[in-house]
Amino acid sequence: MEQVVIAFLCLAILLYFLLGGADFGAGIIELFTSTKNRSRTRKTMYHAIGPVWEANHMWLIIAIVILFVAFPKIYTTMSVHLHIPLAIMLIGIMARGTAFVFRHYDAVKDDMHWLYNRIFRYSSFVTALFLGILAGSVLSGKIDPNANNFADAYIFGWLNLFSVAVGLFTTALCGFLAAVYLIGECKTDEDKQRFIKKAKYMNVAAVIFGAMVFVSATMEDVPLMNWVVYNKVGLAAVILASLSLVLLWYLLLKGRTQILRVLAGFQVTMILVAISYAHFPNFIRLKGGETISLYAVIAPEKTVQSLGWALVLGSLLILPFLGYLFYKFQQKEE
Amino acid sequence: MDDFLAARSQMALSLGFHIIYACIGMVMPFFMAISHYKWLKTNNEVYKHITKAWSKGVAIFFATGAVSGTMLSFELGLLWPKFMEHAGPIFGMPFSLEGTAFFIEAIALGFFLYGWDKLNKWFHWFTGVVVGVSGLASGILVVAANAWMNSPAGFDYVDGQYTNIDPIKAMFNDAWFTQALHMCLAAFTATGFAVAGVHALMILRKQHTDFHYKSFKIASAFATVCALLQPISGDISAKDVAQRQPAKLAAMEALYKTEKPAPLIIGGIVDEKNKTVSNYIELPGALSFLAHGDFKAEVKGLDQIPEDEHPPVAITHYAFQIMVGLGTLMMFISFIYFFILWRKKTILNTKWLLKLFVFAIPLGYIALEAGWVVTEVGRQPWIINGIMRTKDAVTPMPGIAWSFYLFSAIYFSLSLIVIFLLYRQIKMVPVLYKSSNIDN
């Protein structure tokens, strides 16, 4: 059952990055869209994510529940030392979620929309940035449980070059995912071209920030190179991610939107695999090279058993229903 | 403000807001499903309009409930890491099931809100029912987790170690049923009265009367039936608390001295320093009866409990008075409602009763918040009753006061926007639901 629980944890984190990430990306893209095209972008976006956005964010809940039930030590280490970025990310989640719903359900269309839109765009950006910063911090080796001053204990664990670079990289990836996803939702060629352009920019940004991640890893002594280059799976994942990028651009020019989405998702998955495979089953790297491994801190057997069953049975209920939701609202496009 | 107080205040604030959002999001789908059913059965367009109007409320409250709930799942760790480190594996079971229920609710809501004219009409109706049922299940599960804090079970606590963990036993602790029943009835009563009251106000203003009267009937039916059932559930809860948490019961009734028989006091001003209560109305033997079903039974007072295990008496007592007082008031309104309905068949022309419902709009929620204060403050100084103290669970991070101010600002502005949105939705009813051809 341990394996089942860990598999679900990985799945939930992955899906949150992909689906929630694309969702944040939609806001980020809106942020970087010129004013005259914004309302069109918004329409396409609403059309695409309206029915599914609530469900996309459930993966975060699933991940967090698995963490605190089965790996409480990891959950509490993060929530003590990464309190500040977690709180900022949460404020972002609250702000963008409510702004998104409010702007649709406000019965009067007036100046309030100016506010909702602003909140939605900026908080999407902030949420993605801090989600990335959190992911970076977990790997950064800067979290110091023995720190005796405020800054070391609660600030530098996440405010360091590596974490911020991962944050920016994540933001660009989210934008990229969203742009690729939205290309397939466009009704007119003009819109399509716009999103293709956005996807290009986001892709360039991701490459630049990705390079920054490697540079900062070297500067901050994060053994990223070891995980990615000197590990077979890590290396394979990086190569597959790069290959899929080439293929992706080829298909983009051909206008094959469905495969595009799959490829973009595949690419991001490979990136996550690359950075986490060699590191697994370690979850958090602490200052001084110590690590917290999933296996070392897993909850007592009975808890893991019942959590595992709950997840398996739950997904039997959820997945067909969720699949049908995506299917049904895809179908109406054609 | 010291960090411990700030952490408690922030938790109270977050839960205080979440409870309201979540209750509305959990109850309104049932109202919606009924009017939707009537629309499908009678083909009366008004019911379709009501369903659509309510579904917007559901969408708004589901979103706010979902984000504030996400917030809470992190806040447990952000504010109470020591608690979560030990309690997570024990009382996590209802949370993992709740994750599933919540997920299903989100999917079903996606179907429901975007499925008009796209799905088979009965499948569409069914998705609305699923929203309600899974929302209710989520509520029950979360309350079961809270009940565990009052009535810890499913583990052995030996020398500061938590061993022999059984999460299923922890979930089905002694308090889960009584607490969940009380909470669900409270949610239906509060939301029912609030919704009925808003529609009553619109009837009094003679706007779109048919629409509002049909809405009023559905909401008031739930509100009044649940308000009449609630005292029974309250009685079961009182007996339960008397047995398990005598300190909480004593604080609820400000019973400083053990008495046999013990009187029930109504109102009163608590003097925590001198451990006395003044200016109250006394019902002899009534507390003995409520707590133990016997007018002559002994009720444990705070004098039998070590001083460092006393909950804050004044807050618990006042909150309990408010809850019971308002609950009784809503029960009377319900009696009157059924009486008038029985005599006149309709209350459309009984203006004073409609006004009474308008007056009752906030009552259910005030009672609900007060009841929650009773259960949470009455459990202090424990976070896990008898096992772990709240002050030992708090985060080591300093500066929580700032976090509290920030989140207060966020929750208050969020609530203001929600109220503003609802006001606009209600104001727009005549425009939105006049003609028969409307879309979302």
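**Comments concerning the overall build of chain A**
Argument step 1. When helices and strands are tallied, chain A shows 13 helices and two strands.
Argument step 2. Relative to the compact-globule value of 20 Å for 334 residues, chain A shows a C-alpha radius of gyration of 20 Å, a close match.
Argument step 3. In terms of its C-alpha atoms, chain A occupies a principal-axis envelope of roughly 55 × 40 × 40 Å.
Argument step 4. Buried residues in chain A amount to 53% of all 334 residues.
Argument step 5. Taking the contacts inside chain A whose residues are at least 6 apart along the sequence as the reference set, 77% of them involve residues at least 24 apart.

**Remarks on the overall build of chain B**
Argument step 1. Within chain B one finds 15 helices and six strands.
Argument step 2. Here chain B has a C-alpha radius of gyration of 23 Å; the compact-globule value for 440 residues is 22 Å, and the two agree.
Argument step 3. Its C-alpha atoms give chain B principal-axis dimensions of roughly 70 × 45 × 40 Å.
Argument step 4. Within chain B, the fraction of its 440 residues that count as buried is 55%.

**Brief notes about the pairing of strand S1 (residues 282-285) of chain A**
Residue and element names in this part refer to chain A.
Argument step 1. Here S1 pairs with strand S2 (residues 291-293) via three bridges, running antiparallel. The partner of Arg285 across the bridge, within S2, is Thr291.
Argument step 2. Counting the residues between successive antiparallel strands, the hairpin from S1 to S2 contains five residues, one of them, Gly288, with a positive phi of roughly 90°.

**Observations concerning unusual backbone geometry**
Backbone phi values are negative for most residues with the exception of glycine, while trans is the configuration of most peptide bonds.
Residue and element names in this part refer to chain B.
Argument step 1. The amide bond that connects Lys260 to the next residue, Pro261, takes the cis arrangement and shows omega of -5°.
Argument step 2. Structurally, the position occupied by Pro261 is in the loop between helix H8 (246-252) and strand S3 (264-271).
Argument step 3. The phi torsion at Asn43 lies on the positive side, around 60°, for a residue other than glycine.
Argument step 4. Given 9 C-beta atoms within 10 Å, Asn43 falls into the exposed group.

**As for the interface of chain A and chain B**
How big an interface is tends to be stated in terms of the accessible area lost upon association of its parts.
Argument step 1. With 52 residues of chain A at the interface, the matching set in chain B holds 52 residues.
Argument step 2. Secondary structure elements with two or more residues in the side of chain A that touches chain B: helix H3 (53-70), helix H4 (72-81), helix H5 (83-105), helix H7 (150-155) and helix H13 (301-331) of chain A.
Argument step 3. Ranked by the residues each element gives to the side of chain A that touches chain B, the list is headed by H13(A), at 13 residues.
Argument step 4. Residue composition of the side of chain A that touches chain B, grouped by class: 38 nonpolar, nine polar and five charged.

**Thoughts on the packing of helix H1 (residues 3-42) of chain B against helix H14 (residues 400-427) of chain B**
All names here are of chain B.
Argument step 1. It is the contact of H1 with H14, at a shortest axis distance of 8 Å, that shows an interaxial angle of 20°. In terms of orientation, H1 lies roughly parallel with respect to H14. Classified by chirality, the crossing of H14 by H1 is left-handed. Listed contacts from H14 to Asp3, Ala6, Ala7, Ser9, Gln10, Leu13, Ser14 and Phe17 of H1 are Ile400, Ala401, Ser403, Phe404, Phe407, Ser408, Tyr411 and Ser415.
Argument step 2. When grouped by side-chain class, the residues that make up the contact of H1 with H14 number nine nonpolar, six polar and one charged.

**Considerations on the environment of Ile271(A)**
All names here are of chain A.
Argument step 1. Structurally, Ile271 can be placed in helix H12 (residues 257-277).
Argument step 2. Under the C-beta neighbour-count criterion, Ile271 is labelled buried, with 21 such atoms within 10 Å.
Argument step 3. Once the C-alpha coordinates of Ile271 and Leu247 are considered, the two residues, 24 residues apart in sequence, prove to be 16 Å apart.

**Digging into the pairing of S3(B)**
Residue and element names in this part refer to chain B.
Argument step 1. Bridging between S3 and strand S4 (residues 276-283) involves seven bridges; their strand directions are antiparallel. Residue pairing for S4: Asp271 is matched across the bridge by Thr276.
Argument step 2. Hairpin geometry of S3 and S4 is characterised by an intervening segment of four residues between the two adjacent antiparallel strands and by a positive phi of about 55° at Lys275.

**Points about the environment of Asp308(B)**
Argument step 1. Along the chain, the position of Asp308(B) falls in the loop between helix H9 (286-292) and helix H10 (313-344).
Argument step 2. Spatially, the C-alpha atom of Asp308(B) lies 7.8 Å from that of Pro381(B), the residues being 73 residues apart in sequence.

**Focus on helix H9 (residues 189-219) of chain A**
Residue and element names in this part refer to chain A.
Argument step 1. Along its 31 residues, H9 runs 45 Å from first to last C-alpha, staying within 8% of the 45 Å computed at 1.5 Å per residue.
Argument step 2. Here H9 has its buried residues at Arg194, Phe195, Lys198, Ala199, Met202, Asn203, Ala206, Phe209, Val213, Ser216 and Ala217.
Argument step 3. Elements that come into contact with the buried residues of H9 comprise helix H1 (2-31), helix H8 (161-183) and helix H10 (224-228).

**Describing the confidence of the model for chain B**
Residues and elements named next belong to chain B.
Argument step 1. Per-residue confidence for chain B gives a mean pLDDT of 89; residues scoring 70 or more make up 98%.
Argument step 2. When mean pLDDT is taken per element in chain B, helix H12 (residues 363-377) scores highest with 94 and helix H15 (residues 429-432) scores lowest with 74.
Argument step 3. In this model, residues 435-440 is a region of pLDDT below 50 whose contacts with residues beyond four sequence positions or in other chains number three contacts.
Argument step 4. Here the predicted complex carries an ipTM of 0.86, next to a pTM of 0.89.

**Looking at the environment of Val130(B)**
Argument step 1. You can see Val130(B) is positioned in helix H4 (residues 121-150).
Argument step 2. For the pair Val130(B) and Arg244(B), spaced 114 residues apart in sequence, the C-alpha to C-alpha distance is 35 Å.

**Details of the packing of H1(B) against H12(B)**
Residues and elements named next belong to chain B.
Argument step 1. Interaxial distance between H1 and H12 falls to 10 Å at its minimum, and their mutual angle equals 130°. By the angle between their directions, the pair H1 and H12 is classed as oblique. By crossing handedness, the relation of H1 to H12 is classed as right-handed. Together, Gly16, Ile19, Ile20 and Cys23 of H1 and Tyr365, Leu368, Glu369 and Trp372 of H12 make up the contact between the two elements.
Argument step 2. When the residues that make up the contact of H1 with H12 are grouped by side-chain class, the tally is six nonpolar, one polar and one charged.

Thresholds, definitions, all that
- Residues numbered from 1 in each chain as written.
- Chains lettered and ligands numbered in written order.
- Predicted model: local features only at pLDDT ≥ 70, side-chain atom pairs only at ≥ 80, totals over all residues.
- Helix = DSSP H or I, 4+ residues; strand = E, 2+ residues; numbered from the N terminus.
- Rg over C-alpha atoms; globule rule 2.2 N^0.38 Å.
- Buried ≥ 20, exposed ≤ 12 C-beta atoms within 10 Å, placed from the backbone.
- Contact = placed C-beta atoms within 7 Å.
- Pairing = 2+ DSSP bridges.
- Nonpolar A, V, L, I, M, F, W, Y, C, P; charged D, E, K, R; others polar.
- Axes fitted to C-alpha atoms, helices over the stretch in contact; angles between N-to-C directions.
- Parallel < 35°, antiparallel > 145°, perpendicular 65-115°, else oblique.
- Left-handed = near helix turned anticlockwise from the far one by under 90°.
- Expected span 1.5 Å × (residues − 1).
- pLDDT = per-residue confidence, 0-100.

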